[in-house]
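Understanding the architecture of this molecule
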Amino acid sequence: MWDIQLFKLNFDDLEVKAVSDVVAGGWLSMGEKIISFEESFGDFLGDGAHCKAVANGTAALHMALLALEVGRGDEVIIPSLTFVADVNVVNLVGAKPILADATSLSDWNMSLESIEKQITERTKAVIVVHYAGYPCRDIVAISQLCRDRGIGLIEDVAHAPGAKIAGKVCGTFGDIGCFSFFSNKNLSIGEGGMVSTLDPEINMKLGYLRSHGMTTLTLDRHKGRAITYDVAQPGLNYRMDEMRAAIGLVQLDKLPAANVRRGELTDRYRSNLHDSSVLVPFSKQASNLQSVYHILPVLLPKGADRVAVIGALKENRIQSSIHYPPFWDFSSYKDQFSPDDSPITAEICNRQLTLPLFPTMTDGEVDQVTEALLEALR
Ligand SMILES: *Cc1c(COP(=O)(O)O)cnc(C)c1O
């Protein structure tokens, strides 16, 4: 179907062996691979971060809201430009999502000001997304603001595992970091996620939320360390299994080099599109911000026919996508939100296009994509 897909897995025999070793070992869930994946991910984040592997990124976000006791009557500020999971989980815990607009047409993350504008006495939490792998430039100031006002801060790090600001890793600035390891993320497992926190008390709550509120694991009882369990609080089953944790460990090893390669490919896209009518956002990032280049978003020129451009790329067997269709275009949210309240996001959503980017992509493939795009726009 496609010569150049939007995304390709960075898998080889190592992932196959990791899974088959677990299956041969005969222990399938919450065993040594989970412990090892969580410890390694904690080391990767630094700052003594505690990590819990979970079923997926949405589960991580849901647990984060529950751990911060967000519920009915509360407001949660989220970016207007993000995946629908953020708005879904806020609604599902009974709170009201309040949208903060993107900073500008070249910086698509939320800004301190866009958040400040939306704070009320009901604001219980803020969810910051590091869009496309680019760290939210104001995260340090946002974290200070939240601390001063007693507001919870959740980082949705689904796009940005390993992104840094002045050497500090995204996911460690707020109360809780939420990662996704869905197939097309920088660290791919299929379905999977991680919650992280520097706070031991929140970490304990997250542990209960992940596994029925239970105080011991099946593994503890298997090893003879416990006979029964107590239930400390209501909880869910958002656990990850050992096969996934084993793949996660292999992918975590590959992540730093894969992120570097994504950066090289992004630089090539930028130089190919420099001096064209196509704008690549986040081109003027401060030197202390380290992106992990999750996707390659561009802004098409005003008035360009996006459907025709996607069609022309498809004729060249090149896949493209849109990150994201705005909430107000969804049946479920058209009455809750309006483009008039998030004008910058509205314009981005109308003109945005995502081009292929994955660590095994070649320089020649980048050139093919940019040539086809520029030809389509002529
Ligand atoms: C992928 C993604 C999620 C959800 O993660 P899943 O693992 O698919 O549940 C949440 N937020 C953002 C920004 C994402 O890109």
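The rules behind these values
Residues numbered from 1 in each chain as written. Predicted model: local features only at pLDDT ≥ 70, side-chain atom pairs only at ≥ 80, totals over all residues. Heavy atoms only, no water. Helix = DSSP H or I, 4+ residues; strand = E, 2+ residues; numbered from the N terminus. Near = heavy atom within 4 Å. Polar contact = N/O pair within 3.5 Å; in protein donor to acceptor, adjacent residues only side chain to side chain. Areas by Shrake-Rupley, 256 points an atom, 1.4 Å probe, with all protein chains shown as cover. Buried < 20%, exposed > 50% of the residue type's maximum accessible area, 1.4 Å probe, protein only. Contact = heavy atoms within 4.5 Å. Axes fitted to C-alpha atoms, helices over the stretch in contact; angles between N-to-C directions. Parallel < 35°, antiparallel > 145°, perpendicular 65-115°, else oblique. Left-handed = near helix turned anticlockwise from the far one by under 90°. Expected span 1.5 Å × (residues − 1). Arc of directions from axis to C-beta. Domains from an automatic or database assignment. Buried area = accessible area lost by both parts, 1.4 Å probe. Salt bridge = Lys/Arg side-chain N within 4 Å of Asp/Glu carboxyl O. Phe/Tyr/Trp six-rings, centres within 6.5 Å; stacked < 30°, edge-to-face > 60°. Pairing = 2+ DSSP bridges.

**What about the environment of P326?**
Position of P326 among the secondary structure elements: in the loop between helix 10 (306-315) and helix 11 (343-351). For the pair P326 and T218, spaced 108 residues apart in sequence, the C-alpha separation works out to 43 Å.

**A few points about the site of the ligand**
Lining the immediate environment of the ligand, one finds 16 residues, of which G57, T58, D156, S180 and K185 sit closest. In the model, a nitrogen atom of the ligand is placed 2.7 Å from a nitrogen or oxygen of the D156 side chain. Contact distances for the ligand include 3.1 Å between an oxygen atom and a side-chain N or O atom of K185. Relative to its unbound accessible area of 380 Å², the ligand is 92% covered by the protein chains.

**Details of the side chain of Q251**
By the secondary structure assignment, Q251 is in helix 9 (residues 242-273). Relative accessible area serves as the criterion here: at 3%, Q251 is assigned to the buried category. Ignoring sequence-local partners within four residues, the contact set of Q251 consists of N10, F11, E15, N186, L187 and S188.

**Here's the deal with the packing of helix 1 (residues 13-25) against helix 9**
At a minimum axis distance of 8 Å, the contact between helix 1 and helix 9 shows a crossing angle of 150°. Judged by the angle between their axes, helix 1 and helix 9 are roughly antiparallel. Regarding helix 1 and helix 9, the two cross each other, and that crossing is right-handed. Where helix 1 approaches helix 9, its residues L14, E15, A18, V19, V22 and V23 are matched on the opposing element by E242, M243, A246, I247, V250, Q251 and K254.

**Structural notes on helix 1**
If you check helix 1, its first and last C-alpha atoms are 18 Å apart, about what 13 residues at 1.5 Å a residue would give, namely 18 Å. Every buried residue of helix 1 is listed here: E15, A18 and V22. Each buried residue of helix 1 sits inside an arc of 60° when the element is viewed along its axis, so together they form one side. Facing away from the buried surface of helix 1 by more than 90 degrees, the exposed residues are D13, V16 and A24. Contacts made by the buried residues of helix 1 are with helix 2 (32-45) and helix 9.

**Focus: the domain arrangement of the protein chain**
On domain assignment, one finds that the protein chain holds domain 1 (13-250) and domain 2 (255-377). One C-alpha centre belongs to domain 1, the other to domain 2; they are set 26 Å apart. Between domain 1 and domain 2, the residue contacts involve 40 residues of the former and 37 residues of the latter. Surface buried jointly by domain 1 and domain 2 totals about 3,400 Å² across both partners, of which 65% is contributed by carbon and sulfur atoms. Counting the contacts that link domain 1 with domain 2 gives zero salt bridges. Looking at the side of domain 1 that touches domain 2, the elements with two or more residues in it are strand 2 (75-79), helix 4 (85-92), strand 3 (96-100) and strand 6 (164-165). No other element matches the three residues that helix 4 contributes to the side of domain 1 that touches domain 2.

**Points about the packing of aromatic side chains**
Any pair of aromatic rings gets described here by the distance separating the centres and the angle formed by the planes. The final tally for this structure, using the stated rule, is 14 aromatic pairs. Note on F37 and F41: the rings are 6.1 Å apart at their centroids and 70° apart in plane angle, and the pair reads as edge-to-face. With F37 and F41 both in helix 2 and four residues apart, the pair spans about one turn of that helix. Of the two residues examined, F37 and F41, each falls in the buried class. Each ring, one from Y134 and one from F282, has its centre 4.4 Å from the other, and the planes form 0°; the classification is stacked. In this pair, Y134 is assigned in the loop between strand 4 (123-129) and helix 6 (139-149) and F282 in the loop between helix 9 and strand 10 (289-290), connecting sequence segments 148 residues apart.

**As for the sheet that holds strand 7 (residues 168-169)**
Within a sheet, adjacent strands bond to each other through the backbone by hydrogen bonds, running parallel or antiparallel. One open sheet holds the three strands; their spatial order is 7-6-10, and the pairing between them is antiparallel. Two strands in the sheet have a free side with no partner beyond their single neighbour: strand 7 and strand 10. Examined bridge by bridge, strand 6 and strand 10 share two bridges and lie antiparallel to one another. Note on strand 10: the bridge partner recorded for I165 is L289.

**Examining the environment of G26**
Within the element layout of this structure, G26 appears in the loop between helix 1 and helix 2. Look at G26 and you get exposed, because its relative accessible area is 53%. In this structure the C-alpha to C-alpha distance between G26 and E242, which are 216 residues apart in sequence, comes to 9.9 Å.

**A few points about the pattern of salt bridges**
For the coordinates displayed, the defined rule picks out 18 salt bridges. Taking the shortest distance from any N to any O, the salt bridge between K205 and E69 comes out at 3.0 Å. In this pair, K205 is assigned in helix 7 (residues 200-210) and E69 in the loop between helix 3 (57-67) and strand 2, connecting sequence segments 136 residues apart. Relative accessible area serves as the criterion here: at 53%, E69 is assigned to the exposed category. One salt-bridge network, in which partners are shared between bridges, spans R261, E264, R268, D363 and D367.

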